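Survey of secondary and tertiary structure
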Amino acid sequence: METKQLERSLTLGSVVLFGLAYMTPIIVLGTFGILAQMTDGMVPASYLLALVAMLFTAYSYGRMAAAFPVAGSAYTYTRKSIHAKLGFLVGWAVLLDYLFLPMAIWLIGAAYLAAAFPGIPMAVWVIAFIVLTTLINIVGLKMANTVNYLMMLLQFLVLLAFVALCIHYVAGDASKPLWNLAPFFRGDMKLPMIMAGAAVACYSFLGFDAVSTLTEETRDARRTIPRAIMWITIIGGLIFVVASYFVQLAHPSSQFKSVDDAAFEIAKNIGGDLFASIFLIGLIIGQFASGLSAQASASRLLYAMGRDAVLPPSIFGKLHARFRTPVNNLLICGVVALLALKLDVTTSTSFINFGAFLAFSFVNLSVIAHYYVRQRRRALRDFFLFLLFPLIGMLADLWLLVSLDSRAIMLGLIWLALGIAYLAKLTGFFRREPPELDFVEAEG
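What you see is a predicted model, and the numbers here were worked out from it, not measured in a lab.

Each value, and the rule that gives it
- Residues numbered from 1 in each chain as written.
- Predicted model: local features only at pLDDT ≥ 70, side-chain atom pairs only at ≥ 80, totals over all residues.
- Heavy atoms only, no water.
- Axes fitted to C-alpha atoms, helices over the stretch in contact; angles between N-to-C directions.
- Helix = DSSP H or I, 4+ residues; strand = E, 2+ residues; numbered from the N terminus.
- Parallel < 35°, antiparallel > 145°, perpendicular 65-115°, else oblique.
- Left-handed = near helix turned anticlockwise from the far one by under 90°.
- Contact = heavy atoms within 4.5 Å.
- Buried < 20%, exposed > 50% of the residue type's maximum accessible area, 1.4 Å probe, protein only.
- Core = buried A, V, L, I, M, F, W, Y, C linked by side-chain atoms within 4.5 Å.
- 1 Å grid on protein atoms, 1.4 Å probe; cavity = no way out; pocket = protein on both sides within 12 Å on 5 of 7 lines; lining within 4 Å.
- Points joined across faces, edges and corners; volume = space filled by probe spheres on them.
- Phe/Tyr/Trp six-rings, centres within 6.5 Å; stacked < 30°, edge-to-face > 60°.
- Lys NZ or Arg CZ within 6 Å of the ring centre and 35° of its normal.
- Patch = residues over 30% accessible without salt bridge, like charges linked within 9 Å, V, L, I, M, F, W, Y side chains within 5 Å.
- Areas by Shrake-Rupley, 256 points an atom, 1.4 Å probe, with all protein chains shown as cover.
- Salt bridge = Lys/Arg side-chain N within 4 Å of Asp/Glu carboxyl O.
- Expected span 1.5 Å × (residues − 1).
- Polar contact = N/O pair within 3.5 Å; in protein donor to acceptor, adjacent residues only side chain to side chain.

Helix H5 (residues 74-81) packs onto helix H4 (residues 43-67) with a crossing angle of 70° between their chain directions and a minimal axis gap of 10 Å. By the angle between their axes, H4 is roughly perpendicular relative to H5. Judged by the sense of rotation from one axis to the other, the crossing of H4 with H5 is left-handed. Residue-level inspection shows Tyr61, Met64 and Ala65 of H4 in contact with H5, the latter providing Ala74, Tyr77 and Ser81.

Spelled out as structure tokens, the structure:
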């Protein structure tokens, strides 16, 4: 092992694909039942609200990625724009998202496979996901990118077929109009329920921020990453809104035999048993693609923190001499994912969004600190771009955070307290600054 710089090989299309794969567009079907129950049949309204909130945050991520085109994401932005200690705590919060998300993704996929093949223990599927994904990511993002192209195509085809069958199903029933505002607005709608749904729906948007960890592997990162972030958010958000709209029309009720596999119930209604099986295949492919991207992003966040010596650099700050990928970190992600053998889906995903919303809030605040305060960019146009827009994004993220269920907030606060304790140890009870990150980059 030796420390090297990451190779710049990713283009705009590759980065957008990576983010969309991380999002797993087909997950809009996998979580539909849960959101329908939370919102009383107004899933599209929650996705639309989440999209608006995420666009402001995506704008801020793009601005910060242009200012600091290095691996590290929210951790780096907060550290450089506000304070090193706050940067550490944001990085610690982001670990909630990045470290536990691959585990949750693989656990969901394994649960579906275990249900389809009850003779095979779920542990076998979990381990198979971990091993195969880790091997692909060790070889490098070029291979992972090729695999993602194939898996994204397949899951988009399944999602498109699902939506097309929903349209056909609704069109065949004269009592169900194709254009209906009810999924977005009703006289009896309750905003707190829609907000709670939006807080969960934002789980589907996490891919847009993940690509900011790939800046050191992207060509012309200062231009490419901001554009990719906005395209990922817009494309992904529109997919979620449109797909959930037509699915909601096909099944306007919020009642299901089981909310966890509600999409199977809808798939059988609109396409029969054969299509339900095809849907299962598409969902598993989507989970695999998402897990591949999630593990790659987690390993690169650990690499940035290890290179900074916030985490032990001898373990976290190294790249493989041949593959030039953070192999140690990929293996660590795989080991953490083994916790899935002892956890259920609810436990493993309950506090992921806490870390995400906290990080989002500080990225918005970083734009204000870097551009509006430090650089004093305060013309009328700058007031909107560097103060008002990020302020709206921060308030939206905090609103979504407090809309999470109390268990998620409690677990998130416990994790944050552990981070404060580790920071105290690292800095001699806050007397020293955390080590500085080396921003030497390789062009190419």
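Past the structure itself, the notes keep going.
What follows concerns H5. Three or four residues apart is the spacing at which side chains of an α-helix point the same way, because the helix has 3.6 residues per turn. Of all the eight residues making up H5, seven are buried; the element is thus mostly covered by neighbouring parts of the structure. Taken together, the buried positions of H5 are occupied by Ala74, Tyr75, Thr76, Tyr77, Thr78, Arg79 and Ser81.

Time to look at the nonpolar core. With 147 residues, the main nonpolar core has Leu29, Tyr47, Tyr61, Phe162, Phe205, Phe208 and Leu400 as its most contacted residues. Among all residues touching Phe208, those that are not within four sequence positions of it are Met23, Met54, Thr57, Ala58, Tyr61, Ile229, Ile232, Thr233 and Phe360.

Right, let's get into empty space enclosed by the protein. A full pass over the atoms with the stated rule returns two cavities of 30 Å³ or more. Empty space within the largest cavity amounts to approximately 90 Å³. Lining the largest cavity, in full, are Tyr22, Met23, Thr24, Ile27, Leu101, Ile105, Tyr203, Ser204, Leu206, Gln287 and Ser290. Contributions of two or more residues to the lining of the largest cavity are made by helix H1 (12-23), helix H6 (84-116) and helix H12 (262-307).

Turning to the packing of aromatic side chains, a few remarks are in order. Under the definition given, this model contains 24 aromatic pairs. Taken together, a centroid distance of 5.6 Å and an interplanar angle of 20° make the contact between Phe184 and Tyr245 stacked. On the criterion of sequence distance, the pair formed by Phe184 in the loop between helix H8 (141-171) and helix H9 (191-201) and Tyr245 in helix H11 (residues 221-250) is long-range, its members being 61 residues apart. Judged by its relative accessible area of 7%, Tyr245 is buried. The positively charged end of Arg378 is found above the aromatic ring belonging to Tyr372, 5.2 Å away from the centroid.

The grouping of Ile127, Val131, Leu135, Val335, Leu338 and Leu341 at the surface amounts to a nonpolar patch, some 500 Å² of accessible area in total. Looking at the nonpolar patch, the element that brings in the most residues is helix H7 (residues 122-139), giving three residues. Positionally, Val335 belongs in helix H14 (residues 327-337). You can call Val335 exposed: its relative accessible area is 55%.

Right, let's get into the pattern of salt bridges. For the structure shown, the criterion picks out four salt bridges. In this structure, Asp40 and Arg186 form a salt bridge, with 3.2 Å as the shortest nitrogen-oxygen distance. In this pair, Asp40 is assigned in the loop between helix H3 (32-39) and H4 and Arg186 in the loop between H8 and H9, connecting sequence segments 146 residues apart. Exposure remark for Asp40: the relative accessible area of 37% places this residue in the partly exposed category. Between Arg223 and Asp220 there is a salt bridge, with its nearest N and O atoms 3.4 Å apart. By relative accessible area, which is 43% here, Asp220 ends up partly exposed.

This paragraph deals with H7. Between its first and last C-alpha, H7 extends 27 Å over 18 residues, near the 26 Å set by a 1.5 Å rise per residue. Within the span of H7, buried status applies to Trp125, Val126, Phe129, Ile130, Thr133, Thr134, Ile136, Asn137 and Ile138.

This part takes up the side chain of Arg300. Of note, Arg300 is situated in helix H12. For Arg300, a relative accessible area of 1% corresponds to the buried category. Within the structure, Arg300 has its side chain in polar contact with the side chain of Ser299 (distance 3.0 Å).

Structurally, Lys342 can be placed in the loop between H14 and helix H15 (345-349). Residues Lys342 and Ala123, 219 residues apart in the sequence, show an inter-C-alpha distance of 9.4 Å.

Mapped onto the elements of the fold, Thr134 is located in helix H7. Assessed through its relative accessible area of 7%, Thr134 is described here as buried. For the pair formed by Thr134 and Pro69, sequence separation is 65 residues and the distance between their alpha carbons is 26 Å. Every residue in contact with Thr134, bar those within four places of it in the chain, is listed here: Gln295, Leu330 and Leu331. Polar side-chain contacts of Thr134 include one of 2.8 Å to the side chain of Gln295.

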